[in-house]
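One letter stands for each residue in the lines below.
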Amino acid sequence: MGEVIVITSGKGGVGKTTTTANLGVGLALHNKKVVLIDADIGLRNLDVVMGLENRIVYDLVAVVEGHCRTKQALIRDKRYENLYLLPAAQTRDKNAVSPEQMRKLCAELKEDYDYILVDCPAGIEQGFRNAIAGADQAIIVTTPEVSAVRDADRIIGLLEAEELKARLLINRLRPDMVKRGDMMDIDDIVEILAIELIGVIPDDEKIIVSTNRGEPVAANANNSLSGQAYINVAKRILGESVAFLDLYQNQSFFSRLKKLIGFGS
Amino acid sequence: MSKLAVEFKGTKDGVTIYCLEDASFSDILSDLAERLKQRAAFFGEASVKVDVGQRKLTAKEKAALKGVIEENSSLKLLSVQSAKERKKAVVPAKRKGETEDLRLDGFKEGRSLVIKKTLRSGQYIRFPGNVIVLGDVNPGAEIVAEGDIYVFGTLRGIAHAGVSGDRNASVVALRLAPTQLRIADVISRAPDDSSFPDQPEYAYVSEDRIMIAAITTKLGS
């Protein structure tokens, strides 16, 4: 019996889709059978980030409307044979799917797959309702910006109302800016949101290159700090205890090290 | 309900009102009045020509026509012309051997939809005939046609020609760089490491596969 994890944030552009793609790769690397569902109907991106856009024939809406079998719509990743994508429809909108249909779909996929990651659209409307409907737990993505943290807080409140367990992933952290006092630090964010931290991903130019190319950074984790960070998050999802990366390694690291020790379990 | 006596046609110079040959002059006036009332807001202050066909109008009839137009709309009457004064349709030039490499049997005449804009992501066109796009088709946009698809621009999205099973249908584009091409029941996708030639190409089905060929023009030969 698999587990459904929704990747959500409230705010747009904080890295939900990138996170979904990389965690999918990370879990697949650990020989888990993984399905990524793009719930952002009408503004799909996950297929592009995965480099699978040109393979789409059927989509999420086709599945729930019964035009095809679920298996027919699943696109096998070109790199990992136990990683699949269920793309969103692009020519429809969020109302094409109902929470009840999502719940049924997730339940069906859980029978055959270990992890189902749902890439949630920005916002708190119908698309969000659909995305969380079938979820067992949630990962909240935020960036170290006041606006993103504010929205994350709102989302956590909504998820608590649904009794969904949520963990926090801080994305696009820039240690140099934190050091100068120009960016919120990890513990500032954790203090406000007060949920378990599952990972911190450093800001990385390679992410932009990789999303443009359709090759998630986690696939070549040795080449980038962000890729390694995603792999670590995947391991934590699997229940392993992995130390947090020292993102301040090139800085005045003694003072930073002290901070990290607080999270380093 | 009064019989249809006039026809409106939009041109780049304004509106032309054609009076049908078999309609009586009084029918023309009443039909014109009625339809102008309905569409006055739509036409605005466009300029209008009236084409009376073969008939010859007296000065009084012309004045009546002008009166009806001015009374029921803000259109500006430029002139009244007869069939003889109509501009001749542009005759296409014939070039020898121009389409030598095209499998012409694949292309069919028929109902066509002309889209004069770029189709963007999420836009979906389905038409029971040919589709002609004067613009690009971007990734995420989809055209589904029962006939052929012609893109006078770059085709980057999905094109599905011959959707009801016609394997002779074709897809033509000035630059063919689609996410996916589908003809009838045959689907192909772009190669993962693709570069697309900068010249017009067309796609057709041959032995269960979609083939792409360049359209070469041999001018003056």
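Calculation rules
Residues numbered from 1 in each chain as written. Chains lettered and ligands numbered in written order. Predicted model: local features only at pLDDT ≥ 70, side-chain atom pairs only at ≥ 80, totals over all residues. Heavy atoms only, no water. Contact = heavy atoms within 4.5 Å. Buried area = accessible area lost by both parts, 1.4 Å probe. Salt bridge = Lys/Arg side-chain N within 4 Å of Asp/Glu carboxyl O. Polar contact = N/O pair within 3.5 Å; in protein donor to acceptor, adjacent residues only side chain to side chain. Phe/Tyr/Trp six-rings, centres within 6.5 Å; stacked < 30°, edge-to-face > 60°. Lys NZ or Arg CZ within 6 Å of the ring centre and 35° of its normal. Helix = DSSP H or I, 4+ residues; strand = E, 2+ residues; numbered from the N terminus. Buried < 20%, exposed > 50% of the residue type's maximum accessible area, 1.4 Å probe, protein only. 1 Å grid on protein atoms, 1.4 Å probe; cavity = no way out; pocket = protein on both sides within 12 Å on 5 of 7 lines; lining within 4 Å. Points joined across faces, edges and corners; volume = space filled by probe spheres on them. Nonpolar A, V, L, I, M, F, W, Y, C, P; charged D, E, K, R; others polar.

1. Examining the interface of chain A and chain B
Counting residues at the interface gives eight residues for chain A and 15 residues for chain B. Roughly 920 Å² is buried in total at the junction of chain A and chain B, and carbon and sulfur atoms are behind 45% of that figure. Taken as a group, Asn-54, Gln-90 and Thr-91 of chain A account for 51% of the area that chain A buries against chain B, more than any other trio of residues on that side. At the boundary of chain A with chain B, the tally comes to zero salt bridges. Linking chain A with chain B are four residue pairs in polar contact (both at pLDDT 80 or more).

2. Thoughts on the packing of aromatic side chains
How two aromatic rings sit relative to each other is given by the distance of their centres and the angle of their planes. Residue and element names in this part refer to chain A. In total, this model carries two aromatic pairs over all chains according to the counting rule given. When the ring centre of Tyr-113 is taken as origin, the NZ or CZ atom of Lys-33, which lies over that ring, is 4.8 Å away. Here Arg-236 stacks its cationic end above the ring of Phe-244, 4.0 Å away from the centre of that ring.

3. A look at the pattern of salt bridges
Per the counting criterion, the structure on display carries 19 salt bridges over all chains. The shortest N-O distance in the salt bridge between Glu-65 of chain A and Arg-92 of chain A comes to 2.9 Å. In this pair, Glu-65 of chain A sits in the loop between helix 3 (60-64) and helix 4 (70-73) while Arg-92 of chain A sits in the loop between strand 4 (83-86) and helix 5 (99-112), placing the two residues 27 residues apart along the sequence. With its nearest N and O atoms 3.0 Å apart, the salt bridge here joins Arg-172 of chain A to Asp-203 of chain A. On the criterion of sequence distance, the pair formed by Arg-172 of chain A in strand 7 (residues 165-173) and Asp-203 of chain A in the loop between strand 8 (197-202) and helix 10 (205-213) is long-range, its members being 31 residues apart. Taking the relative accessible area as the measure of exposure, Asp-203 of chain A reaches 32% and is therefore partly exposed. Look at the salt bridges and you will find they share partners, linking Arg-167, Asp-185 and Asp-208 of chain B into a network.

4. Here we look at helix 6 (residues 126-133) of chain A
Quick reminder: α-helices carry 3.6 residues per turn. Residues three or four places apart thus point the same way. Residues and elements named next belong to chain A. Counting buried positions along helix 6 yields six of eight residues, so the element is predominantly enclosed. Looking only at helix 6, the buried set comprises Gly-127, Phe-128, Asn-130, Ala-131, Ile-132 and Ala-133. Residues of helix 6 that are buried sit in contact with strand 1 (3-8), helix 5, strand 5 (115-119) and helix 7 (146-161).

5. Describing the layout of surface pockets
For the largest pocket, the calculated volume is near 570 Å³. For the largest pocket, the lining is made up of 22 residues, of which Val-57 and Asp-59 of chain A together with Tyr-124, Glu-142 and Arg-182 of chain B are closest to its centre. Listed by contribution, the elements that provide at least two residues to the lining of the largest pocket are helix 3 of chain A together with strand 6 (124-127), strand 8 (142-145) and strand 10 (158-161) of chain B. Partitioned by chemical class, the residues of the lining of the largest pocket number 10 nonpolar, five polar and seven charged.

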